[in-house]
Amino acid sequence: MKIAVLPGDGIGPEIVTQALRVLDVFRQEGLRIEIEEAPLGGAAYDQYGMPYPPFTQQVCQAADAILLGAVGGPQYDKLDRPMRPERGLLAIRRDLGLFANLRPALVFPELENASTLKAEVVRGLDIMIIREQIGDVYFGQPRGMRMNDSGEREAFNTMVYSESEIRRIAHFAFGVAATRSRKKLCSVDKANVLETTEFWREIFTDVSRDYPQVELSHMYIDNAAMQLVRNPRQFDVIATGNLFGDILSDEASMLTGSIGMLATASLSESKKGLYEPGHGSAPEIAGKNIANPLAAILSVAMMLRYSFDNLDAANRIEQAVRRVLAKGYRTADIFEPGSEKVSCSGMGDRVLEEL
Ligand code: IPM
Ligand code: MG
């Protein structure tokens, strides 16, 4: 297993350190793992003057999977747009063809009181959001600024999806839904207004004929945003485009009250994937050894499951995390009275003990 490790910015390096300790347990048990580190985002800008330099590109292209910490920080906000850390993230997604972004939102039984919603609304919540990640208005051309006919400046972007792009993500989403116990797929669009997503709905309906075991429904994005806070457990798998997926996945992660716990995967048509925590780089707490490393650790579990088909190792990591939580250990972000507060590395220690 060749793994590219991109610690990134902010709390990225410290949480990745804990994730690598977990990976090392499996190396000691005999799993053959090769690791190569490279910078991305602000760290890459500092070292190479650009957020996704050729060195990082080479390391990632040669790897079977990529583990990313987080990118971004206030010191980079004033850079020209193409040099900003976020651009590094968009470039790597596009470069490696990481079209399918999986963002699970699940409520750990031990943390159901961490949600801002009532515990009985979120108890047992287990949603998988599948976001198409390399198309849509994020990458559509033309885009930019221009003078319009009345001599006024205007800015514009293009929302566009080709049939093959929609078919590819639809097959992926039905495939995931088919492996889950409820087998429900809700496709989210704005087909009442936007042609792009009317087409999206047509193709999803067409692809559904290949998956009779999956129950497909459609929902408009505005309603979906509302239903997610009204009755989130009605959802099993949600599939949507790049922009709507960006928004809905943040909303869904917050339902769980513990964004520090959620891992995400971005997959290409081969099994290569990029795995990263769902949270950001949290520059305000960087370097203090108080960040929650569990999302990074759970990203390793996702990597083992999706890129390396090692379900056994993935399950062991997830169970170890559950046991640590059940024993009452909490980092500051999920701390509640009566539990025992641990540091970032302290949480890593606990997970290693359970493993
Ligand atoms: C995300 C982020 C990125 C996105 C930003 C940082 C470019 O919000 O991964 O959800 O919009 O995709
Ligand atoms: Mg986002």
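These numbers come from a predicted model, not from an experiment.

Further remarks concern the pairing of strand E10 (residues 237–240). A regular strand places its side chains so that they alternate between the two faces of the sheet. Across the two faces of E10 the burial is the same, with Val237 and Ala239 and Ile238 and Thr240 all buried. In this structure, strand E8 (residues 184–189) lies alongside E10, joined through 3 bridges in parallel fashion. Bridge pairing in E10 links Cys186 to Ile238.

Let us look at the packing of helix H10 (residues 294–306) against helix H11 (residues 311–326). At a closest axis distance of 7 Å, the pairing of H10 and H11 adopts a crossing angle of 160°. Put simply, H10 runs roughly antiparallel to H11. Handedness of the H10/H11 crossing: left-handed. Each of Leu294, Ile297, Leu298, Val300, Ala301, Leu304 and Arg305 in H10 lies in contact with H11, whose residues at this interface are Leu311, Ala313, Ala314, Ile317, Glu318 and Val321. Partitioned by chemical class, the residues of the contact of H10 with H11 number 11 nonpolar, no polar and 2 charged.

Looking now at the sheet that holds strand E3 (residues 65–70). Through backbone hydrogen bonds, the strands of a sheet pair up, either in parallel or in antiparallel fashion. Strand order in the open sheet formed by 10 strands is E2-E1-E3-E12-E11-E4-E5-E10-E8-E9, and the pairing between neighbours is mixed. The outermost strands of the open sheet, each flanked by one partner alone, are strand E2 (34–37) and strand E9 (215–220). Geometrically, the sheet is characterised by an average inter-axis angle of 20° between neighbouring strands, direction not taken into account. Pairing geometry for strand E4 (residues 100–106) and strand E11 (residues 263–267), over 3 bridges, is antiparallel. Bridge pairing in E11 links Asn101 to Ser266. Its contacts with the sheet put helix H1 (residues 12–28) on strand E1 (2–8), E3 and strand E12 (273–277), and the angle it makes with E3 is roughly 140°. Strand contacts of helix H7 (residues 195–207): E8 and E9, with the helix running at about 160° to E8, the strand carrying the most contacts.

Here we come to the domain arrangement of the protein chain. When cut into domains, the protein chain gives domain 1 (1–99 + 274–355) and domain 2 (101–267). For domain 1 and domain 2, the distance between their C-alpha centroids amounts to 23 Å. Taken together, the elements giving at least two residues each to the side of domain 1 that touches domain 2 come down to helix H4 (85–95), E12, H10 and H11. If you tally residues by element for the side of domain 1 that touches domain 2, the top one is H10, at 7 residues. Grouping the amino acids of the side of domain 1 that touches domain 2 by side-chain chemistry returns 15 nonpolar, 6 polar and 6 charged.

Turning next to the nonpolar core. Residues Ala19, Ile66, Leu67, Ile238, Tyr275, Ile297 and Val300 are the most contacted members of the largest nonpolar core, which totals 105 residues. For this core, the leading source of residues is H10, giving 11 residues. Both domains that furnish three or more residues to this core are identified here as domain 1 (1–99 + 274–355) and domain 2 (101–267). Ignoring any residue separated from it by four or fewer positions in sequence, one finds Ala19 in contact with Leu67, Pro293, Ala296, Ile297, Ser299 and Val300.

Summarising the element assignment, Pro337 is placed in the loop between strand E13 (329–330) and strand E14 (340–341). The spatial distance from the C-alpha of Pro337 to the C-alpha of Phe26 is 34 Å, given a sequence separation of 311 residues.

What follows covers the site of ligand 1. Lining the immediate environment of ligand 1, one finds Glu86, Leu89, Leu90 and Asp246. Among the elements that make up the shell around ligand 1, the one with the highest residue count is H4 (3 residues). Taken together, the residues that form the shell around ligand 1 break down as 2 nonpolar, no polar and 2 charged.

On to H11, then. A rise of 1.5 Å per residue sets the reference length of H11, with its 16 residues, at 22 Å; its end C-alpha atoms lie 22 Å apart and thus fit the reference within 8%. For H11, every residue scored as buried is listed here: Ala313, Ile317, Ala320, Val321, Val324 and Leu325. Down the axis of H11, the buried set is contained in an arc of 135°. They therefore lie on one face. Turned more than 90 degrees away from the buried face of H11 sit Leu311, Asp312 and Ala326, all of them exposed. Buried positions along H11 lie against H1, H10, E13 and helix H12 (344–354). Downstream of H11 by one or two residues, Gly328 has phi in the positive range, about 95°.

Reading the values: rules and limits
- Along every chain, residues carry numbers that run from 1 in the direction the sequence is written.
- To label them, take the chains in the order written and letter them from A, then take the ligands in the order written and number them from 1.
- Only residues with pLDDT of at least 70 are given local features in this predicted model, and only at 80 or more are side-chain atom pairs given and counted; all residues enter the totals for whole chains, interfaces and linings.
- Each residue is classified by how many other C-beta atoms fall within 10 Å of its C-beta atom, where C-beta atoms are placed from the backbone; a count of 20 or more means buried, 12 or fewer means exposed, and values in between mean partly exposed.
- Think of it this way: any DSSP run of H or I at least four residues long counts as a helix, any run of E at least two long counts as a strand, and we number them from the N terminus.
- At least two DSSP bridges between two strands are needed for those strands to be called paired.
- Axis definition: a line fitted to C-alpha atoms, limited for helices to the stretch in contact. Angles are taken between N-to-C directions and run from 0 to 180 degrees.
- Roughly parallel means an angle under 35 degrees; roughly antiparallel, over 145; roughly perpendicular, 65 to 115; everything else is oblique.
- Here is the rule for handedness: rotate from the far helix to the near one, and if that takes an anticlockwise turn smaller than a right angle the crossing is left-handed, while a clockwise turn gives right-handed.
- Once C-beta atoms are placed from the backbone, any two residues with those atoms within 7 Å are in contact.
- Amino acids outside the nonpolar list (Ala, Val, Leu, Ile, Met, Phe, Trp, Tyr, Cys, Pro) and the charged list (Asp, Glu, Lys, Arg) are all regarded as polar, and Gly is one of them.
- An automatic or database domain assignment provides the domain bounds reported here.
- Any nonpolar core is a set of buried residues, restricted to Ala, Val, Leu, Ile, Met, Phe, Trp, Tyr and Cys, that join up through C-beta atoms within 7 Å.
- Each residue receives a C-beta atom placed from its backbone. It is near a molecule or strand if this atom lies within 6 Å of it.
- Every helix has an expected span of 1.5 Å times one less than the residues it contains.
- Working note: the arc is built from the helix axis to C-beta atom directions.

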